[in-house]
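Each chain, letter by letter, is given below.
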Amino acid sequence: MLNQDLLKRRTQSVPRGVATIAPVFVAKAKNSEIWDVEGKRYIDFAGGIAVLNTGHSHPKIIDAVSKQLQNYNHTAFQVIGYESYITLAEKLNQLAPTGENNKTIFFSTGAEALENSIKIARAATKRSAIIAFTGGFHGRTMMTLAMTGKIVPYKSGFGPFPAEVYHIPFPNKLHNVAEEDSFKALESLFKTDVEPSRVAAIVIEPIQGEGGFYIAPFNFLKQLRDLCTHYGILLIADEVQSGIARTGKMFAIEHSKVKPDLITVAKSLAGGFPLSAVVGKSKIMDQVEPGGLGGTYAGNPLACVAGLTVLDIIQEEKLLERAQIIGKKMTDFLNNMAQSNQFNCIGEVRGLGAMVAFELVKDRMHNEPDSDLTKALVSQALKNNLIILSCGTYGNVIRLLMPLTIQDELLVEGLETIKSSLEQVFNVKN
Ligand code: PMP
C-alpha cells in the first residue's frame, strides 16, 4: 500500500475540515516510534497530541485491555457499573490537588469533560456566566468553542455560540500582556458586562496547550484563586493537555500550589483509549441531580482499565522524575541551539517538566513571530523522519510532546533532527 494512494482516497472520501499534518498513513507504532504503510520509520514527538505520555502500545496497557476485552467491553455505566470505573475514580480523587474530598465522573473526550465541568459549575453555583482566556483552547463542541479564545481555524463560520461566555487576556509577558492587564480586564468586565455574582466559573489552562505552551504565572493563579474565593466563583483548571505527569507533576497546577475547585483531564489519562474526567470537590460534584450527567460510552471499561494501568506505569517507571529529566535535556539542547549565532530565529525556549516549546521569530531582538518558518520546519522534520507539532496564537511555536517513556537515544536523535531540519529550512530562507 502506498501513502499516495491512501491520500487520494482520503481526499475523495473525508472532508477537508479535518486536517492532517502528516500526509502518510500509519502501519504500526511502538513507544516513541511510528512506521508508515511504506515501511518508513518516524520518531514521534507529537504523542498523538499529548495522549501518549506512556508511549504507543505500552505492553502493560495492551495486556490489561486485552484481558478486559475477554470479559466485557461495554455495559454503559448508567445501566450497570464496574469496579475499574470506581477504582480509577478513587485514585484520581486522591491525586487531585483541590485540598478537599473529591469525586470523579468519566467521559470520553476533552471537550466533553469541559462541557460537563460547566454544567456542574452552573448547577452548583446557580449562576450562568463563564470567564475564559484569550488564546485558550477547550474543545470543538459549541460550548467549548465559545470558551476557546482563538477564531481561526476553530471558531470561524460556526457561530453563534452559547451566550454568557466572556474572555479576558491570558497573561503573557513575551507578548506584552502583564498580569495586571488581565486583572484590569476582569475588573472592567465586572463593570461593563457581567457582575461577579452571576459568574459561575473561571476556566484556565495552567499551561496553555494549543495556545502556545504559555505558562500561567504562579502568582497570577494565586490571585485568581483569591478573587474566585472572594466572589464565590469556581476555579476550573483545564488540564486536558498539561495533566497526567507531563510537567513532572500529575497536574500542572500543583507547581503553583493553587487549589482549583474542579479539574478536567483527558488525553494521556488512558494511553490512547478515549477517556476524560471531571475531578472536583465532592460538595460541588454532588450538586447535580441523578441523571443530569453521563453519556452512553462515558467511562468505557476498556478505557478505565487502560487508565488504571497508566497510573501504575507512571509510578513504576517513575515518569514524574523522567518528565523533569527529559524536560531538562530538551531545554538544554534548545537553549544551546538558540545561543549559537546560527539560529537567530529561535526566540523563547520554555517549559515545565517535559511540556516544552520554543518560538520561531523573524529575529530574536524583535521577537516577531515567524509562522512560515514554523510550518516549513514541521514539514522538513517530517521529511527527516520526525513528527513535531506547532501551536500558538501566532502559529510560531513548536511544542514537543514525545512519550515520557522515550529511550534516551531516540530523544537525542529527535532533537538532532530538529536541529538539522531547522538548518535546512532556515538556510533556504536566508
Ligand atoms: N482542553 C485542552 C486544554 C486541550 O488541549 C484540548 C485538546 N487539544 C481539549 C480541551 C479538547 O479535547 P478533545 O480534543 O479530546 O475534545
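Below is a summary of the structure that appears in this document. (Residues numbered from 1 in each chain as written. Predicted model: local features only at pLDDT ≥ 70, side-chain atom pairs only at ≥ 80, totals over all residues. Heavy atoms only, no water.)

**Topic: the site of the ligand**
Next, step 1: As a structural note, the neighbourhood of the ligand is formed by T109, G110, A111, F137, H138, G139, E205, E210, D238, V240, Q241 and K267.
Next, step 2: A distance of 2.8 Å is found between an oxygen atom of the ligand and a backbone nitrogen or oxygen belonging to G110.
Next, step 3: Contacts to the ligand include K267, whose side-chain N or O atom sits 3.0 Å from a nitrogen atom.
Next, step 4: For the ligand, whose accessible area on its own is 390 Å², the fraction buried by protein is 82%.
Next, step 5: The residue makeup of the shell around the ligand, split by class, is three nonpolar, five polar and four charged. (Near = heavy atom within 4 Å. Polar contact = N/O pair within 3.5 Å; in protein donor to acceptor, adjacent residues only side chain to side chain. Areas by Shrake-Rupley, 256 points an atom, 1.4 Å probe, with all protein chains shown as cover. Nonpolar A, V, L, I, M, F, W, Y, C, P; charged D, E, K, R; others polar.)

**Quick look at a positive patch on the surface**
Next, step 1: Together, K222, K249, K257 and K259 give the surface a local cluster of positive charge.
Next, step 2: Residue class for K249 comes out partly exposed when judged on its relative accessible area of 32%. (Patch = residues over 30% accessible without salt bridge, like charges linked within 9 Å, V, L, I, M, F, W, Y side chains within 5 Å. Salt bridge = Lys/Arg side-chain N within 4 Å of Asp/Glu carboxyl O. Lys, Arg positive; Asp, Glu negative; His and termini not counted. Charge placed at Lys NZ, Arg CZ, Asp CG, Glu CD. Buried < 20%, exposed > 50% of the residue type's maximum accessible area, 1.4 Å probe, protein only.)

**Concerning the sheet that holds strand β4 (residues 102–107)**
Next, step 1: An order of β4-β10-β9-β8-β7-β5-β6 is seen for the seven strands of this open sheet, with the pairing classed as mixed. With partners counted over all chains shown, the strands left at the sheet margins are β4 and β6 (165–168), one partner each. Here the average twist between neighbouring strands, direction ignored, is 20 degrees.
Next, step 2: Two elements, β4 and strand β10 (residues 276–281), share six bridges in a ladder whose sense is antiparallel. Each residue of the ladder has a partner; that of N102, found in β10, is K281. (Pairing = 2+ DSSP bridges. Helix = DSSP H or I, 4+ residues; strand = E, 2+ residues; numbered from the N terminus. Axes fitted to C-alpha atoms, helices over the stretch in contact; angles between N-to-C directions.)

**Quick notes on unusual backbone geometry**
Next, step 1: Cis geometry marks the peptide bond from V152 to P153; its omega dihedral reads 5 degrees.
Next, step 2: By the secondary structure assignment, P153 is in helix α7 (residues 151–155).
Next, step 3: In this model, G159 is joined to P160 through a cis peptide bond whose omega is 0 degrees.
Next, step 4: When you line up the elements, P160 lands in the loop between α7 and β6.

**Examining the sheet that holds strand β13 (residues 386–387)**
Next, step 1: Pairing is mixed across the open sheet formed by four strands, whose spatial order is β1-β2-β3-β13. Whereas interior strands pair on both sides, the edge strands pair on one side only; in this sheet they are β1 (26–30) and β13.
Next, step 2: Taken together, the three bridges between strand β2 (residues 33–36) and strand β3 (residues 41–44) define a ladder with antiparallel strand orientation. Within β3, the position partnered with I34 by the bridge is Y42.

**Re the side chain of R10**
Next, step 1: Topologically, R10 is positioned in helix α1 (residues 3–13).
Next, step 2: Buried charge R10 goes without a salt bridge, the closest partner of opposite sign being D36 at 14 Å.
Next, step 3: Within the structure, the side chain of R10 is placed 2.5 Å from the side chain of T20, a separation counted as a polar contact.
Next, step 4: For R10, the residues in contact, after removing those within four places along its chain, are P15, V18, A19, T20 and F25. (Contact = heavy atoms within 4.5 Å.)

**Overview of the pairing of strand β15 (residues 397–400)**
Next, step 1: The alternating pattern of β15 places V397 and R399 on one face and I398 and L400 on the opposite face, and all of these are buried.
Next, step 2: Bridge count for strand β12 (residues 355–360) against β15 is four bridges, and the pairing is antiparallel. Bridge pairing in β15 places E359 opposite V397.
Next, step 3: The pairing of strand β14 (residues 389–391) with β15 spans three bridges and is classified as antiparallel. Across the sheet, residue S390 finds its bridge partner in β15, namely I398.
Next, step 4: Taken together, β14 and the strand that follows it, β15, pair antiparallel across an intervening segment of five residues, in which G392 is found at a positive phi of about 110 degrees.

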